[in-house]
Every structure is written in structure tokens, then in C-alpha cells.
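Observations on chain architecture
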Amino acid sequence: EDHMRNQKINMLGIKKTSKFSVLDTGGAITKTTIQGGKYNVIPTESGNVCLDKLKELGIAHTLYEHEEVPTVEIMIEVLNGINARLTKNLLLKDKKSGSIFLVTTTPERNVDLKALNKMLGLKENANLRFTDCEKLLNVTKGAVSPYAVINDTDNVVQMALDAELLQSTEICTHPLRCDRSVSVEPNALLKYLEATGHPAKILEFSMETGGAVINVSVEKNTKPPPSHKKSSPPTKQVANREASQRNKKGNKETLECILAKKDEDFAGWFAEVITKSEMIEYGKVSGCYILRPWSFGIWEQIQAWFDRRIKEDADVQNCYFPLFVTKGALEAEEDHVEGFAPEVAWVTRSGDTEMAEPIAVRPTSETIMYPEFAKWLRSHRDLPLKLNQWCSVVRWEFKYPTPFLRSREFLWQEGHTAHATIQEADQMVAQILELYRRVYEELLAVPVIPGTKTEKEKFAGGHRTTTVEAYVAGSGRAIQGATSHNLGQNFGKIYHIEVEDQEAGKKLIPWQTSWGLTTRSIGVAVMVHGDDQGLVLPPRVAPLHVVIVPLVYKTCTMEQLSPFVDLVMAAVKSKGFRCKVDNRSNYSPGWKYNHWEQKGVPIRMEIGPRDLEAKQVTAVRRVDGNKSTIPLENIASTIESLLNQAHDIMFAKASAARDSKLVQVTKWEDFVPALDNNCLVLTPWCDPADQEAEEKVKELSRTEALQRAGMDQEDVRTATSVAAKTLCVPHNQPTKLPDGTTKCFFTGRDATCWCLWGRSY
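Nothing here was measured: the structure is a model prediction, and the numbers come from that model. (Residues numbered from 1 in each chain as written. Predicted model: local features only at pLDDT ≥ 70, side-chain atom pairs only at ≥ 80, totals over all residues. Heavy atoms only, no water.)

A word on the overall build of the chain
Each helix and strand in the chain was counted, giving 21 helices and 35 strands. Per-residue burial for the chain yields a buried fraction of 52% across its 761 residues. For the chain, the share of sequence-separated contacts (at least 6 apart) that also reach a separation of at least 24 residues comes to 67%. (Helix = DSSP H or I, 4+ residues; strand = E, 2+ residues; numbered from the N terminus. Buried < 20%, exposed > 50% of the residue type's maximum accessible area, 1.4 Å probe, protein only. Contact = heavy atoms within 4.5 Å.)

So this is what it looks like as C-alpha cells:
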């Protein structure tokens, strides 16, 4: 009927045209005219949890606005002309088992519910019936789609997709409301489903047997389902490979390998690595992530080292302050609150009751802690005060969130100190910045550039901000590693922090500092060191230094290997190294090798019958695949040497990658081309306090970069802008300025310093 109606429209010469703006994957807005249905393409919207999830996952999508389409028939008529496959969605419940399925097919598919029983793996007497979508998925009947599973917080709904949809260029369906539709590539929809905890079963309806279920994982480039023509017998190599993937019980083992390539699809690669290596799970709230034990274990190592250093080297004490801050306290410092205002989350209700005054969830703790400082600090003898707390903060990012790098809640440490003089405060700032450098270089094997932020980029309300800046070769972007601020006396004046000076009758406003390091550091290490196989963990923060894989055979059982394995493990642990034996019997040694390689464990030890006989182990180093044989008596010392070598190799490789992209530019015409070549750019600069000139560089570099790329503009919410920004004025300057001859590359005035620029996260 739809086909006949469209034919009639065409015969009558009727054309339905919509003019709209398309937001493409790069964020550029372009004008387009489409022949077809009654719809408009609009920029993606905020506040819709499924659209927010797409943005969070970095999934390119097109959003259509149209009238409500509560039925498939109306949808086909209204969306006629869209270059994407539409869907029909069936929410079904088996009355026998209670299992619930959301089956998404092509609109023209006639679904035999009895045949569907078998395809879904149900018993022959299963009784599939339509069920309540509003109760299960919190959507109206006309808005049911795969995107609605994000509302299935109890994970009771099982997702199933028609294999024919995966052969489409794009799939178009509703994002929780039937007056909107969104189209994505098939592999992107699979990625969304897996991220929401609803991996899809793929249903092949075309088979004569009534269909079969194919379980698939998310792939970078989803291929069409295989044809069912008679195929030639597998080669011997294929047969051997398949045999190697089977465990002792004959079940085929599966390990989700990293499909995206780091140098081809960096964002996709990063998303795969952190999920498949079991570091991150996506939470139900956009921008909030679950740190699984593997990533939290890394944070524990960073935390333990830094906590010990600030206590022993800087005499800092730990404390804890409340999560909430009053509106009045937060807004007391105008520059400070202005810098954080767009990111502040507010609590406005308690149950069903409106609160008399909203309270903020801390974006940082200056405004919570400093009113208390005013109570505690009375005399110069109370100085210095040095406190630190380990906690989480909430910054409701406007830009698209990314795990570790830009999230709405993250873990960090924040230190706050008060001193009698600016010299003491500067010394504290420098001492902490050096510890941050050591965290990155000595723990994470990531080279950083210490420096001071410009006036435009310094901490809101502070006097001076110092930073360590890292470089991610895979994306060509810089990333701020950690910051240490001299806050001056500004906060002391606002919160009335005064002490009796040594000179009788005089009042002293202390000089304050604050400094913070976050779980972003984990993401930096992953991006810098990871490869196409998965994580490559810096040895000094790895949750495990060594994993031992026993090689069990019929002639050499686990019982026979165990005593020697225990000796090896004791030798490894004798030097304080973290070690685990993987003696799971349901996985083959090959599967275990790949599993622990994907998780980035620095050293894998293999112990088989020959090793048992020779009283030795075979050690494989993750960073370079180096393989060596180690006698039992030398294990402790050799492992220490292998781990130190791994750290040095990782640091040298990362340093070489960064240094190859660190260039000096003295003329504007070379500036944007250098940025386009993924470089960090050192330029002579007129004045770190000149915010107007700095803003002009940012805007002009964005305009020129977009022109070079053939784009009109970029999405204001992007976290990866093409605009240049100052990273810091490096403490290690290439030459001493001013020298009376070197001019600023932009203003032409005398240069006072070398400034580091780049595109940054």
C-alpha cells in the first residue's frame, strides 16, 4: 500500500521537499535540500538520555524532527526519502518463562511468533505476547525502539536485531519519542546496545529452517551476515585455529579482541580498550562511569605513592569535608563561581519538598573548606596549615563526556594549604608540581612539560597556576595532567581568614595554595601506551606485575605443577611484586595469553612440563614481546630488572613520539599547518597576561583550520576543538626572552617568553 501510494504521488508530479541544516560528524553545519517526506534534520538535542549516550560514546548520528508517527504505516509515509532503513519494534513477553524480548526488524517483515520462539532459544511451548512498553521501557507504544533499553535499568529486556538491518548503510528509529528519529550506522547501534548492557542477538530470518541466532560483539566495521550458500571446507590452518579456541569441554571460547586500530580510529580504539580490558563500565547516567577493579587498582597505586610523598616530604595531613556547599558560600567569590557556574550541579528537592535554598554538589572544595580555615587560623603559629582530601567531585560538563578524560563525576585528591608568605606558598606550589611530574614520569612512564598557565587559562579566582602537560601521539592532542595553584590572598579576603602577625597588633591574610590530580591520569597512560592488542600498563601502577599461566597436559596435571608454581609465586612476591596464578581449567593457555595481554599485565610467566623439569620459567614482557628463560633462583632479581626495563622502554618511546611533534614556529603562516600536523607548537609570545591577543589566536586558528578542512563551523560542545589554546609557558625555555630582537609571532611586539600551544582535550 505504501509503495502504491508513493507511485501515485510520483505519477501526479507531486514533490515533497524539506530544507534543513545537517550536523555532520565533524560538527559542521551545512545547508541541504532533500526530496522526500515531511521531516527536518536538526542539530542533536541535549536532555534526551539516549542522545546523550550516543554523544558520550562518540557515535555520529543524524537527528530528524517530524510529526508524531505512532504506527509503522504513518512512519513510512512521513519518513519517506530518508537514506536509512526504518524499523519495526516488537516488545514481547513469554508467558511461560517470563522472558522479555525487544525484537527489531525491517518494517515489511512478517514475523511468525511460533518460529520466533526457536530463534530466541525458547522452548517449543513458549507463548510470546505483546507486553507493556510504558512500564518496562518508560516510552509510549509508538516510541519503542532499541534506544529505549537505556531505561531498562534492571536488565530484564533481551535485545534481538534482524540480520537484514545490519546490511543497511544506516538504521533509523526513534530516540524515546515518536516525533523524533535518529539514524546511525549498524555497528554504532550495536555499540550503543552493548554500552547499555543489552548486547544484541542477531536473528537470521531468511533461513529455511525458520531462522537461527548469531551472537555477535560490537565491531568497528560490521560486515553483512554471511550468506548461506554451500561453502568450501575450511583450510587446515582454519581448522587448527578453531581447534585452538576450544576448551577441554569442547565449547568454543571467545575473547573480544580490539577491532579498531589506534592509528585509524583513535576514539573507537580508546572506547574498546577501556571496556574490553575491564577498566570501565558505562553508568546509567550520561557522563558517569563505573571504575572496575582493574582501573581502580591503578588509581590505588597512584594514590598510595602520592599520599606517602605528601605526608613524608611535605608534612600534609589528610581530612574530609562534606560533599555539599551552600549557594551563598559558592557565590562569595565572583571570578571563582563564574569559572565553574556552567558545571555546577544543584540539589533543589528533598523527596517531594522543594528546598528553601538549593545546595551545590562540590565542583571543587575551596568554598567549603575556607570558611572553616577562618575559624581555625588565629595566630601566625597556626601556619602553615596543610590539608589534603581524597574524594569525588561533580562537574556537569556541557561538552561531550569521555571516560577518564572528561566525566561528570571523577575521583581526585585536592590539597589546600595556607602560608605566612608568598615565598612559602610558591615553594609549596613548586614542590607539589614536582611530585605531579614524578607521578607521570616515574609511575606512568609519560613525559610531561611543566609550566605556568597564562592569565586566561589560570584557575578561576587564583593568583598563578602551574601545570604539567602531556601529549597523546595517537590523537595529536595535548592534555593537562595536573595543576598546582598559588591562590594568593583573594580567598582569604573573601572568607575573612586572618591571623595575628608576629608584629603585635597587625593582622596577616595568609597566602593559600590548592592542587589536584585526578583519574584522568589513568586515561592518559592508556592513550599514550596502549596498542592494537589492548592495554600496555606501566609496571609501577599495574594491579598485577606478573601473571603465571600453568601449561597443563594429560601427562602433566595441575596437581603435579602446583608445588613448583607455588615456589615461583613465592619468589615473585618476596620482592613485593603483585602476582596471580591463572589456573582456570575452562580456558586454554592461548586464550589466557590473549586475555592478559589485552589487560596489559607487564609480564606473563609460562610454566609447563619442561619448565618443571628444568626448574625454570618462561617470561614474556608485554611492552615488546621479549621472551626469556629464568631459573628459579634468579626469578626475583630478573623480574625486577625486566619491569624496570619495561618502564624505561615505555618512557623512551613516549618521549620520542612527543619530541618528534614538538616544533618551534615564529611566523603566523606556519602556525595552523603545524597544528594540522598534530604538533605541539612553541612560539615567541608577547605577554602571558594579554588575554585579548590570546583569544584572537584561538578564534583565528579555529577559522583557518575549518577553512583548510572545508568546514563552516564546529559544534560548540565538542571537547576536541580545532582551535589552538595556550598549554603553558614552559619552565624550561628554549632561549631567554626578552632578547630585544625576537618578536611575538602574532602581535609583532617584543616577545617576553616562549609559549606552548596545541589542540587540547
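Thoughts on the sheet that holds strand β28 (residues 579-581)
Pairing within the open sheet is mixed, and its 5 strands lie in the order β28-β27-β29-β30-β31. Since the sheet does not close on itself, it has two edges, and those belong to β28 and β31 (627-631), each with one partner. Going across the sheet, the axis of each strand differs from the next one's by a mean of 25 degrees, ignoring polarity. Here 5 bridges tie strand β27 (residues 546-550) to strand β29 (residues 603-607), and the two strands are oriented parallel to one another. (Pairing = 2+ DSSP bridges. Axes fitted to C-alpha atoms, helices over the stretch in contact; angles between N-to-C directions.)

Considering the sheet that holds strand β10 (residues 180-184)
The 4 strands lie next to each other as β3-β4-β10-β9, forming an open sheet whose pairing is antiparallel. Single-partner strands in this sheet number two, and they are β3 (39-42) and β9 (171-173). Pairwise comparison of adjacent strand axes, ignoring direction, gives a mean angle of 25 degrees for this sheet. Here β9 runs beside β10; their pairing, made up of 3 bridges, is antiparallel. Counted as the bridge partner of I171 is V184 from β10.

Quick look at the side chain of R309
Tracing the sequence through the fold places R309 in helix α9 (residues 293-314). Take R309: its relative accessible area is 15%, and that puts it in the buried class. Setting aside residues up to four positions removed in sequence, R309 forms contacts with A314, L435 and R438.

Points about the environment of E692
Take E692: it is sitting in helix α21 (residues 691-709). Remark: the alpha-carbon pair of E692 and K456, spanning 236 residues in sequence, is separated by 8.9 Å.

Here's the deal with the side chain of E606
Note on placement: E606 falls in strand β29. For E606, a relative accessible area of 8% gives the class buried. There is a polar contact of 2.8 Å between the side chain of E606 and the side chain of R604. (Polar contact = N/O pair within 3.5 Å; in protein donor to acceptor, adjacent residues only side chain to side chain.)

Focus on the pattern of salt bridges
Where charged atoms from two side chains of opposite charge come close, those side chains can pair. Evaluation of the coordinates by the stated rule reveals 40 salt bridges. As a salt-bridge pair, K53 and E56 come within 3.4 Å of each other at their nearest N and O atoms. In this pair, K53 and E56 are both assigned in helix α2 (residues 49-56), 3 residues apart and thus about one turn of the helix distant. In this structure, D750 engages K743 in a salt bridge whose closest nitrogen and oxygen atoms are separated by 2.5 Å. The network of salt bridges with shared partners includes E45, E65, R177, D179 and R180. (Salt bridge = Lys/Arg side-chain N within 4 Å of Asp/Glu carboxyl O.)

Here we look at the packing of aromatic side chains
By the definition in use, this model includes 25 aromatic pairs. Ring centres of Y39 and Y64 lie 5.6 Å apart, and the angle between their planes is 85 degrees; this geometry places the pair in the edge-to-face category. Taken together, the residues Y39 in strand β3 and Y64 in strand β4 (residues 62-66) connect sequence positions 25 residues apart. Each member of the pair, Y39 as well as Y64, is classed as buried. (Phe/Tyr/Trp six-rings, centres within 6.5 Å; stacked < 30°, edge-to-face > 60°.)

Let's talk about the pairing of β31
Where strand β30 (residues 616-621) lies against β31, 5 bridges are found, and the strand directions are antiparallel. Within the sheet, the bridge partner assigned to V617 lies in β31 and is I630. Here β30 folds back onto β31 in antiparallel fashion, the turn holding 5 residues, of which G625 has a positive phi close to 75 degrees.

Re the environment of R85
Inspection of the secondary structure puts R85 in the loop between α3 (72-78) and β5 (88-94). Leave out the neighbours within four places in its chain, and R85 touches T106, E108, E164, L165, S168, E170, I171 and C172.

Some remarks on helix α19 (residues 635-659)
Relative to the 36 Å expected for 25 residues at 1.5 Å per residue, α19 spans 36 Å between its end C-alpha atoms, a close match to the ideal helical length. Inspection of α19 places I635, A636, I639, L642, L643, A646, H647, M650, A654, S655 and R658 among the buried residues, and these make up the whole buried set. (Expected span 1.5 Å × (residues − 1).)

Section: the nonpolar core
The biggest cluster of nonpolar side chains holds 108 residues, and the ones touching the most others in it are L137, L161, Y192, M279, I302, F306 and L444. Apart from residues lying up to four places away in sequence, L161 is in contact with T104, P146, L189, L190, L193, A200, K201, I202 and L203. Among the nonpolar cores identified, the runner-up in size contains 24 residues, and L561, F577, I607 and L642 belong to it. (Core = buried A, V, L, I, M, F, W, Y, C linked by side-chain atoms within 4.5 Å.)

Considering the packing of helix α8 (residues 266-276) against helix α15 (residues 520-529)
Two elements in contact, α8 and α15, have axes whose closest approach is 11 Å; the angle formed by their N-to-C orientations is 115 degrees. The chirality of how α8 crosses α15 is right-handed. Contacts between α8 and α15 involve F266, W269, F270, V273 and I274 from the first element and G523, V526 and M527 from the second. Partitioned by chemical class, the residues of the contact of α8 with α15 number 7 nonpolar, 1 polar and no charged. (Left-handed = near helix turned anticlockwise from the far one by under 90°. Nonpolar A, V, L, I, M, F, W, Y, C, P; charged D, E, K, R; others polar.)

A word on unusual backbone geometry
The omega angle of the peptide bond from L383 to P384 is -5 degrees, so this bond is cis rather than trans. The step from L737 to P738 runs through a cis peptide bond, and the omega angle for that step is 0 degrees. Following the sequence through the fold, P738 ends up in the loop between β34 (725-730) and β35 (753-758). Here N155, not a glycine, exhibits a phi torsion of approximately 55 degrees, which is positive. With respect to the helices and strands, the residue N155 is situated in the loop between α5 (133-137) and β8 (157-162). For N155, a relative accessible area of 38% puts it in the partly exposed group.

Details of the confidence of the model for the chain
Per-residue confidence for the chain gives a mean pLDDT of 86, with 86% of residues at or over 70. Across residues 1-36 the pLDDT falls below 50, and counting only partners more than four positions away or on other chains, this stretch makes 66 contacts in the model. Counted against residues more than four places away or in other chains, residues 207-253, with its pLDDT under 50, gives 64 contacts. (pLDDT = per-residue confidence, 0-100.)

Here we look at the environment of G287
On the secondary structure map, G287 appears in the loop between β13 (280-282) and β14 (289-291). In this structure the C-alpha to C-alpha distance between G287 and S407, which are 120 residues apart in sequence, comes to 5.0 Å. Look past the residues within four positions of G287 in its chain and what remains in contact with it is E56, P401, S407, R408 and E409.

Some remarks on the state of the cysteines
Per the stated rule, a full pass over the model turns up 0 disulfides. Here C686 is not disulfide-linked; the sulfur of C744 is the nearest cysteine sulfur, at 4.0 Å. (Disulfide = S-S within 2.5 Å.)

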